[in-house]
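For reference, the chains in residue letters:
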Amino acid sequence: MLVVGLGNPGSVYENTRHNIGFMVLDTIAHKYDIRFKKEDGDYLIGKREINSEKTLLVKPLTYMNNSGWAVKKIVEKYNLSLNEILIIVDDFQLPLGRIRLRMKGSDGGHNGLYSIIYNLESENFARLRCGIMNEDSMPPKYMMSDFVLSPFDETEIVEVKKMIKRASETTITAIKEGFQSALRFLSRQNF
(Lines give C-alpha, C1' and ligand atoms only; values in the text may rest on other atoms or scores of the structure.)
Protein backbone atom coordinates (compact mmCIF):
# COMPACT_ATOMS: atom_id res chain seq x y z
CA MET A 1 0.00 0.00 0.00
CA LEU A 2 1.12 3.53 -0.75
CA VAL A 3 0.47 5.98 2.09
CA VAL A 4 1.14 9.60 1.18
CA GLY A 5 1.15 12.27 3.85
CA LEU A 6 0.70 15.73 2.39
CA GLY A 7 2.66 18.70 3.65
CA ASN A 8 5.35 21.21 2.78
CA PRO A 9 9.09 20.51 3.19
CA GLY A 10 11.33 22.64 5.37
CA SER A 11 11.52 23.61 9.03
CA VAL A 12 9.46 26.77 8.49
CA TYR A 13 6.39 24.57 7.76
CA GLU A 14 7.19 21.75 10.18
CA ASN A 15 4.41 22.24 12.76
CA THR A 16 1.83 24.00 10.62
CA ARG A 17 -1.75 22.91 10.07
CA HIS A 18 -1.02 22.04 6.43
CA ASN A 19 1.60 19.48 7.53
CA ILE A 20 -0.69 17.15 9.45
CA GLY A 21 -0.06 14.46 6.79
CA PHE A 22 3.68 14.56 7.47
CA MET A 23 3.00 14.41 11.23
CA VAL A 24 0.87 11.26 10.88
CA LEU A 25 3.54 9.57 8.74
CA ASP A 26 6.22 10.46 11.28
CA THR A 27 4.16 8.74 14.00
CA ILE A 28 3.79 5.57 11.89
CA ALA A 29 7.48 5.64 10.92
CA HIS A 30 8.49 5.94 14.58
CA LYS A 31 6.26 3.01 15.58
CA TYR A 32 7.74 0.71 12.89
CA ASP A 33 11.29 2.12 12.87
CA ILE A 34 10.96 3.25 9.26
CA ARG A 35 13.60 5.62 7.90
CA PHE A 36 12.77 8.10 5.15
CA LYS A 37 15.18 8.43 2.23
CA LYS A 38 15.19 10.85 -0.68
CA GLU A 39 14.16 9.27 -3.97
CA ASP A 40 14.11 10.91 -7.40
CA GLY A 41 14.46 14.29 -5.69
CA ASP A 42 10.68 14.73 -5.52
CA TYR A 43 9.84 12.84 -2.35
CA LEU A 44 11.01 11.09 0.79
CA ILE A 45 10.10 7.42 1.02
CA GLY A 46 10.12 4.84 3.78
CA LYS A 47 9.61 1.15 2.97
CA ARG A 48 8.54 -1.62 5.30
CA GLU A 49 6.49 -4.79 5.35
CA ILE A 50 3.66 -4.44 7.86
CA ASN A 51 1.73 -7.69 8.42
CA SER A 52 3.12 -9.06 5.14
CA GLU A 53 1.84 -5.95 3.32
CA LYS A 54 4.53 -4.08 1.39
CA THR A 55 4.06 -0.52 2.61
CA LEU A 56 5.45 2.70 1.16
CA LEU A 57 5.25 5.85 3.30
CA VAL A 58 5.80 8.96 1.18
CA LYS A 59 6.26 12.67 1.86
CA PRO A 60 6.20 14.69 -1.38
CA LEU A 61 8.85 17.43 -1.49
CA THR A 62 7.08 19.29 -4.30
CA TYR A 63 5.15 21.54 -1.89
CA MET A 64 1.44 21.06 -1.28
CA ASN A 65 0.07 22.50 -4.53
CA ASN A 66 2.22 20.19 -6.67
CA SER A 67 1.86 16.99 -4.63
CA GLY A 68 0.39 15.18 -7.62
CA TRP A 69 3.69 15.24 -9.51
CA ALA A 70 5.39 13.14 -6.86
CA VAL A 71 2.39 10.83 -6.36
CA LYS A 72 2.18 10.12 -10.10
CA LYS A 73 5.91 9.29 -10.23
CA ILE A 74 5.59 6.83 -7.34
CA VAL A 75 2.45 5.18 -8.73
CA GLU A 76 4.17 4.66 -12.08
CA LYS A 77 7.53 3.58 -10.62
CA TYR A 78 5.99 0.97 -8.30
CA ASN A 79 3.17 0.01 -10.70
CA LEU A 80 0.43 0.69 -8.14
CA SER A 81 -3.30 0.71 -8.69
CA LEU A 82 -5.56 3.44 -7.33
CA ASN A 83 -7.10 1.09 -4.74
CA GLU A 84 -3.65 0.74 -3.14
CA ILE A 85 -3.36 4.46 -2.34
CA LEU A 86 -4.19 6.36 0.85
CA ILE A 87 -3.62 10.12 1.01
CA ILE A 88 -3.47 11.78 4.46
CA VAL A 89 -4.44 15.42 4.31
CA ASP A 90 -5.53 18.37 6.44
CA ASP A 91 -9.11 19.64 6.09
CA PHE A 92 -10.09 23.14 7.23
CA GLN A 93 -13.78 22.27 6.72
CA LEU A 94 -13.67 19.65 9.49
CA PRO A 95 -13.55 20.65 13.16
CA LEU A 96 -10.20 20.21 14.85
CA GLY A 97 -9.75 16.57 15.84
CA ARG A 98 -12.35 15.05 13.50
CA ILE A 99 -11.16 12.49 10.95
CA ARG A 100 -12.92 11.24 7.84
CA LEU A 101 -11.94 8.32 5.61
CA ARG A 102 -13.38 8.38 2.10
CA MET A 103 -12.69 5.90 -0.69
CA LYS A 104 -13.04 8.53 -3.42
CA GLY A 105 -14.34 12.03 -3.97
CA SER A 106 -13.60 15.55 -5.04
CA ASP A 107 -10.72 17.71 -3.85
CA GLY A 108 -13.06 19.60 -1.48
CA GLY A 109 -11.16 22.82 -2.18
CA HIS A 110 -7.80 21.34 -1.15
CA ASN A 111 -5.02 22.20 -3.61
CA GLY A 112 -2.92 19.15 -2.72
CA LEU A 113 -5.81 16.79 -3.47
CA TYR A 114 -6.59 18.77 -6.62
CA SER A 115 -3.02 18.23 -7.84
CA ILE A 116 -3.21 14.49 -7.17
CA ILE A 117 -6.59 14.14 -8.90
CA TYR A 118 -5.29 16.13 -11.88
CA ASN A 119 -2.06 14.09 -12.20
CA LEU A 120 -3.70 10.68 -11.65
CA GLU A 121 -6.69 11.70 -13.81
CA SER A 122 -9.00 10.14 -11.22
CA GLU A 123 -10.78 10.80 -7.93
CA ASN A 124 -10.87 7.08 -7.14
CA PHE A 125 -8.33 6.82 -4.35
CA ALA A 126 -8.76 6.80 -0.58
CA ARG A 127 -8.13 9.88 1.51
CA LEU A 128 -7.96 10.38 5.25
CA ARG A 129 -9.00 13.95 6.07
CA CYS A 130 -7.83 15.38 9.38
CA GLY A 131 -9.78 18.36 10.72
CA ILE A 132 -7.81 21.52 11.47
CA MET A 133 -10.66 24.03 11.77
CA ASN A 134 -11.04 25.92 15.01
CA GLU A 135 -13.95 28.35 14.99
CA ASP A 136 -12.15 30.57 17.51
CA SER A 137 -9.19 31.10 15.17
CA MET A 138 -10.82 30.70 11.74
CA PRO A 139 -9.96 33.65 9.46
CA PRO A 140 -12.01 35.01 6.56
CA LYS A 141 -11.79 32.87 3.41
CA TYR A 142 -9.38 35.28 1.68
CA MET A 143 -6.85 34.63 4.49
CA MET A 144 -7.14 30.84 4.37
CA SER A 145 -3.60 30.27 3.05
CA ASP A 146 -2.21 32.13 6.08
CA PHE A 147 -4.38 29.98 8.35
CA VAL A 148 -3.30 26.59 6.95
CA LEU A 149 0.35 27.67 7.03
CA SER A 150 0.12 28.74 10.67
CA PRO A 151 1.15 26.55 13.62
CA PHE A 152 -1.44 25.12 15.96
CA ASP A 153 -2.24 27.23 19.02
CA GLU A 154 -1.04 25.97 22.41
CA THR A 155 -4.67 25.40 23.38
CA GLU A 156 -5.07 23.01 20.41
CA ILE A 157 -2.00 20.81 20.94
CA VAL A 158 -3.67 18.17 23.13
CA GLU A 159 -6.45 17.66 20.55
CA VAL A 160 -3.95 17.64 17.68
CA LYS A 161 -1.89 14.90 19.35
CA LYS A 162 -5.04 12.80 19.87
CA MET A 163 -6.01 13.29 16.22
CA ILE A 164 -2.55 12.30 14.98
CA LYS A 165 -2.70 9.15 17.13
CA ARG A 166 -6.18 8.21 15.81
CA ALA A 167 -5.16 8.97 12.22
CA SER A 168 -2.02 6.82 12.49
CA GLU A 169 -4.00 3.96 14.08
CA THR A 170 -6.63 4.23 11.32
CA THR A 171 -3.91 4.14 8.67
CA ILE A 172 -2.23 1.12 10.27
CA THR A 173 -5.61 -0.65 10.38
CA ALA A 174 -6.06 0.08 6.65
CA ILE A 175 -2.61 -1.34 5.91
CA LYS A 176 -3.09 -4.48 8.01
CA GLU A 177 -6.78 -5.25 7.47
CA GLY A 178 -8.02 -3.14 4.55
CA PHE A 179 -10.10 -0.01 4.15
CA GLN A 180 -13.39 -1.49 5.38
CA SER A 181 -11.80 -2.42 8.70
CA ALA A 182 -10.29 1.06 8.89
CA LEU A 183 -13.73 2.60 8.34
CA ARG A 184 -15.16 0.48 11.17
CA PHE A 185 -12.22 1.35 13.44
CA LEU A 186 -12.63 5.06 12.73
CA SER A 187 -16.38 5.00 13.35
CA ARG A 188 -15.63 3.79 16.88
CA GLN A 189 -12.96 6.49 17.39
CA ASN A 190 -14.77 9.61 16.16
CA PHE A 191 -17.25 11.00 18.64
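Here, the structure is the one placed above.
Read on for an overview of the structure. Quick caveat, the model's predicted, so the values are computed rather than measured.

Things to note about the environment of Val148
Working step 1: Its location among the elements puts Val148 in helix α4 (residues 144–148).
Working step 2: Between the C-alpha atoms of Val148 and Ile87, which are 61 residues apart in sequence, the distance is 18 Å.
Working step 3: Dropping the residues within four chain positions of it, Val148 is found in contact with Thr16, Arg17, His18, Asp90, Phe92 and Ile132.

A closer look at helix α2 (residues 67–77)
Working step 1: Among the residues of α2, Ser67, Gly68, Ala70, Val71, Ile74 and Val75 are the ones counted as buried. Looking straight down α2, one finds that the buried residues subtend no more than 160 degrees of arc, so they occupy a single side.
Working step 2: One or two positions beyond α2, positive phi appears at Asn79, with a value near 50 degrees.

A few points about the packing of aromatic side chains
To describe a pair of aromatic rings, one takes the distance between the centres and the angle between the planes.
Working step 1: For the structure shown, the criterion picks out two aromatic pairs.
Working step 2: Note on Tyr13 and Tyr63: the rings are 6.2 Å apart at their centroids and 80 degrees apart in plane angle, and the pair reads as edge-to-face. You can see Tyr13 sitting in the loop between β1 (2–5) and α1 (20–31) and its partner Tyr63 sitting in the loop between β4 (53–60) and α2, a full 50 residues away along the chain.
Working step 3: Tyr13 sits in the partly exposed class, given a relative accessible area of 23%.

Some words on the pattern of salt bridges
Working step 1: Applying the stated criterion across every chain yields a total of nine salt bridges.
Working step 2: Across the pair Arg17 and Glu156 runs a salt bridge whose closest N-O atoms are separated by 2.8 Å. Separated by 139 residues along the polypeptide, Arg17 in the loop between β1 and α1 and Glu156 in the loop between α4 and α5 (157–177) bring together distant segments of the chain.
Working step 3: For Arg17, a relative accessible area of 1% gives the class buried.
Working step 4: The salt bridge involving Lys59 is made with Asp26; its shortest N-O contact spans 2.5 Å. Residue Lys59 is found in strand β4, and its partner Asp26 is found in helix α1; the two are separated by 33 residues along the sequence.
Working step 5: The buried category is assigned to Lys59, whose relative accessible area is 10%.
Working step 6: For Asp26, a relative accessible area of 36% gives the class partly exposed.
Working step 7: Within this structure, Glu39, Asp40, Lys47 and Lys77 form a network of salt bridges that share partners.

Digging into the pairing of strand β3 (residues 43–50)
Working step 1: In this sheet, β3 lies alongside strand β2 (residues 37–39) in antiparallel orientation, the contact comprising three bridges. Residue Lys38 lies in a different strand from β3, and its bridge partner there is Leu44.
Working step 2: Hairpin geometry of β2 and β3 is characterised by an intervening segment of three residues between the two adjacent antiparallel strands and by a positive phi of about 60 degrees at Asp40.
Working step 3: Pairing analysis gives eight bridges linking β3 to β4, with the strands arranged antiparallel. Looking at β4, one finds that Tyr43 is bridged to Pro60.

Quick look at the environment of Asn119
Working step 1: Within the secondary structure, Asn119 sits in helix α3 (residues 111–120).
Working step 2: Look at Asn119 and you get buried, because its relative accessible area is 14%.
Working step 3: As for Asn119 and Ser67, which are separated by 52 residues in sequence, their C-alpha atoms are 9.0 Å apart.
Working step 4: When near neighbours in sequence (up to four residues on either side) are disregarded, Asn119 contacts Gly68, Trp69 and Lys72.

Remarks on the packing of α5 against helix α6 (residues 179–189)
Working step 1: Where α5 meets α6, the axes come as close as 7 Å, and the angle between the chain directions of the two elements is 155 degrees. In terms of orientation, α5 and α6 fall into the roughly antiparallel class. Relative to α6, the crossing made by α5 is right-handed. When α5 is examined against α6, the residues Arg166, Glu169, Thr170, Thr173, Ala174 and Glu177 are found in contact with a partner set consisting of Phe179, Ser181, Ala182, Phe185, Leu186 and Gln189.
Working step 2: Looking at the contact of α5 with α6, its residues break down into five nonpolar, four polar and three charged.

Rules behind the numbers
Residues numbered from 1 in each chain as written. Predicted model: local features only at pLDDT ≥ 70, side-chain atom pairs only at ≥ 80, totals over all residues. Heavy atoms only, no water. Helix = DSSP H or I, 4+ residues; strand = E, 2+ residues; numbered from the N terminus. Contact = heavy atoms within 4.5 Å. Buried < 20%, exposed > 50% of the residue type's maximum accessible area, 1.4 Å probe, protein only. Arc of directions from axis to C-beta. Phe/Tyr/Trp six-rings, centres within 6.5 Å; stacked < 30°, edge-to-face > 60°. Salt bridge = Lys/Arg side-chain N within 4 Å of Asp/Glu carboxyl O. Pairing = 2+ DSSP bridges. Axes fitted to C-alpha atoms, helices over the stretch in contact; angles between N-to-C directions. Parallel < 35°, antiparallel > 145°, perpendicular 65-115°, else oblique. Left-handed = near helix turned anticlockwise from the far one by under 90°. Nonpolar A, V, L, I, M, F, W, Y, C, P; charged D, E, K, R; others polar.

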